[in-house]
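Residue strings, one per chain:
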Amino acid sequence: MRSLRFILFFLSIAVTADTVHAGELRIALLANATVERDSILLADLLPENVSLALHTASASIRLGSTPQGGSFRTFGREYITNAIQKAGLPTSLFDIPEIVTVRRAGRTVTREEIFAAIQNALSKQSFPAVADLHAADLSWESAVRLPNSDPQLQVTQIKLDTAIGTVRFRMSSRTARGVHPFYVSAQSSGAAPPQLVTTSNTVSFISEKDAYSAAAPILVDPRQYARLHLHSNNSDMILQVKPLERGHLNETIRVRLPASGKTLKARVIAAGYLDATF
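As the structure is a computational prediction, the values presented were derived from the model and not from experiment.

Draft legend 1. Structural detail: the overall build of the chain. From N to C terminus, the chain includes 5 helices and 18 strands. For the chain, the proportion of its 278 residues judged to be buried stands at 37%. Long-range pairs, those at least 24 residues apart, make up 56% of the contacts in the chain between residues at least 6 apart in sequence. Of the roughly 16600 Å² that the chain leaves accessible, carbon and sulfur atoms contribute 51%.

Put into structure tokens, the structure is as follows:
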């Protein structure tokens with residue numbers, strides 16, 4: 001605290017002297033800044049040619065948390081003015097923009113580091129569906145921003161959708177808190193693997209259907225009859241059917257017509273109700 005007071009005293013003398021010679025001397029804060037650390041300091045908004053004393057004093061004024069990678073945060077003039085006043089610095093030292101925009105420093109994730117993390121995960125488990133996976137097979141929705149330091153990417157979950165033959169890898173960073181988990185997809189070339197138990201230190205291998213079934217309610221059950229809306233362009237009827245497997249919303253399952261013994265495929269639309277066309 002004493003050192004900060006000394007710096008403020010030194011600054012007040014320096015500013016007074018400059019004001020005598022140059023009139024209204026002010027430091028213009030940056031309207032756009034990029035920050036690498038997790039906290040945004042007033043010093044991050046200073047231009048390069050400021051005195052060491054002013055930079056040291058400004059480094060003690062925290063404005064808030066740095067935004068997530070790929071996003072930005074804005075501060076209004078009043079907010080910054082209040083922070084400066086609260087720290088004891090004279091606001092007359094600064095020319096504050098109406099709006100200040102701060103982004104997190106970083107870079108775009110590369111295909112090579114994603115592929116390396118996936119290969120590392122696959123080397124610990126047998127997963128035939130992606131035995132011939134190549135870096136060129138990978139795709140993800142948007143540019144993922146990572147810190148300039150090593151993010152230590154890891155795979156936390158692998159899901160196989162056998163219906164469309166796609167494997168999805170859930171990626172996260174071990175070290176960068178500002179990086180949200182993201183998904184990477186690749187075409188599969190094999191059958192679904194067995195489901196494994198998920199722990200904090202192991203990757204979970206689970207099919208897309210099993211992952212959905214674990215959370216969604218069962219609407220149709222083989223132990224109970226259900227109603228089937230069977231229709232076409234020229235016909236519309238409601239039939240009583242026996243489900244041959246459990247069904248969740250929008251799933252297609254097999255059902256049997258008790259009168260004829262014929263088996264059909266129908267889509268679950270509600271509790272005890274299915275729909276099919278012919």
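From this point, things continue past the structure.
Draft legend 2. Quick peek at the sheet that holds strand S5 (residues 72-76). Here 3 strands make up an open sheet; going across it, the order is S2-S7-S5 and the pairing mixed. Each edge of the sheet is formed by a strand with only one pairing partner; in this case those strands are strand S2 (32-35) and S5. For this sheet the average axis-to-axis angle between neighbouring strands, irrespective of direction, equals 25°.

Draft legend 3. Focus on the sheet that holds strand S16 (residues 252-256). In space, the 5 strands of this closed barrel follow the order S14-S15-S16-S17-S18, with mixed pairing throughout. Ignoring strand direction, the axes of neighbouring strands in this sheet form an average angle of 50°. The sheet contact formed by strand S14 (residues 226-231) and strand S18 (residues 273-277) spans 5 bridges and is parallel. Residue pairing across strands places histidine 229 opposite aspartate 275, the latter belonging to S18.

Draft legend 4. Quick look at the pairing of strand S11 (residues 166-173). Of all 8 residues in S11, 6 are buried; the element is thus mostly enclosed. One ladder, built from 6 bridges, connects S11 with strand S12 (residues 182-187); its direction is antiparallel. Among the inter-strand pairings, valine 167 is bridged to a residue of S12, identified as alanine 186.

Draft legend 5. Region of the structure containing unusual backbone geometry. You will see that asparagine 250, though not glycine, has its phi angle at about 70°, which is positive. Mapped onto the fold, asparagine 250 is located in the loop between strand S15 (236-243) and S16.

Draft legend 6. Fine view of helix H3 (residues 77-87). Taken as a whole, H3 has its buried residues at Ile80, Thr81, Ala83 and Ile84. Seen end-on, H3 carries its buried residues on one side only, within an arc spanning 160°. The outward face of H3, more than 90 degrees from its buried face, is lined by the exposed residues Glu78 and Lys86. Packed against the buried residues of H3 are strand S4 (62-65), S5, strand S6 (94-95) and strand S7 (99-104). Note on H3: the residue one or two positions beyond its end, glycine 88, has a positive phi of about 95°.

Draft legend 7. Fine view of the pattern of salt bridges. With the rule as written, the count across this model stands at 2 salt bridges. Between arginine 223 and aspartate 221 there is a salt bridge whose closest N-O contact spans 2.9 Å. Take aspartate 221: its relative accessible area is 16%, and that puts it in the buried class. Ionic pairing is found between glutamate 245 and arginine 254, a salt bridge with its closest N-O pair at 3.7 Å. Note on glutamate 245: relative accessible area 23%, which makes it partly exposed. Taking the relative accessible area as the measure of exposure, arginine 254 reaches 38% and is therefore partly exposed.

Draft legend 8. Representation of the side chain of serine 58 in the model. One can find serine 58 in helix H2 (residues 52-58). Its relative accessible area of 0% is what places serine 58 among the buried residues. For serine 58, the side chain forms a polar contact with the main-chain oxygen of leucine 54, separated by 2.9 Å. Leaving out residues up to four positions away in the same chain, serine 58 has contacts with Leu41, Leu42, Ala43, Leu46, Leu89 and Phe94.

Draft legend 9. Looking closely at the packing of aromatic side chains. Applying the stated criterion across every chain yields a total of 1 aromatic pair. The ring of tyrosine 183 has arginine 168 sitting right over it, with the charged end atom 4.2 Å from the ring centre.

Draft legend 10. Spotlight on the environment of alanine 226. Relative to the helices and strands, alanine 226 resides in strand S14. For alanine 226, a relative accessible area of 4% corresponds to the buried category. Expressed as a C-alpha distance, the spacing of alanine 226 and alanine 271, which sit 45 residues apart in the sequence, is 8.5 Å. Dropping the residues within four chain positions of it, alanine 226 is found in contact with Val220, Leu239, Gln240, Val241, Pro243, Gly272 and Leu274.

Scoring rules and cut-offs
Residues numbered from 1 in each chain as written. Predicted model: local features only at pLDDT ≥ 70, side-chain atom pairs only at ≥ 80, totals over all residues. Heavy atoms only, no water. Helix = DSSP H or I, 4+ residues; strand = E, 2+ residues; numbered from the N terminus. Buried < 20%, exposed > 50% of the residue type's maximum accessible area, 1.4 Å probe, protein only. Contact = heavy atoms within 4.5 Å. Areas by Shrake-Rupley, 256 points an atom, 1.4 Å probe, with all protein chains shown as cover. Pairing = 2+ DSSP bridges. Axes fitted to C-alpha atoms, helices over the stretch in contact; angles between N-to-C directions. Arc of directions from axis to C-beta. Salt bridge = Lys/Arg side-chain N within 4 Å of Asp/Glu carboxyl O. Polar contact = N/O pair within 3.5 Å; in protein donor to acceptor, adjacent residues only side chain to side chain. Phe/Tyr/Trp six-rings, centres within 6.5 Å; stacked < 30°, edge-to-face > 60°. Lys NZ or Arg CZ within 6 Å of the ring centre and 35° of its normal.

All we've got here are geometric facts, nothing functional implied.
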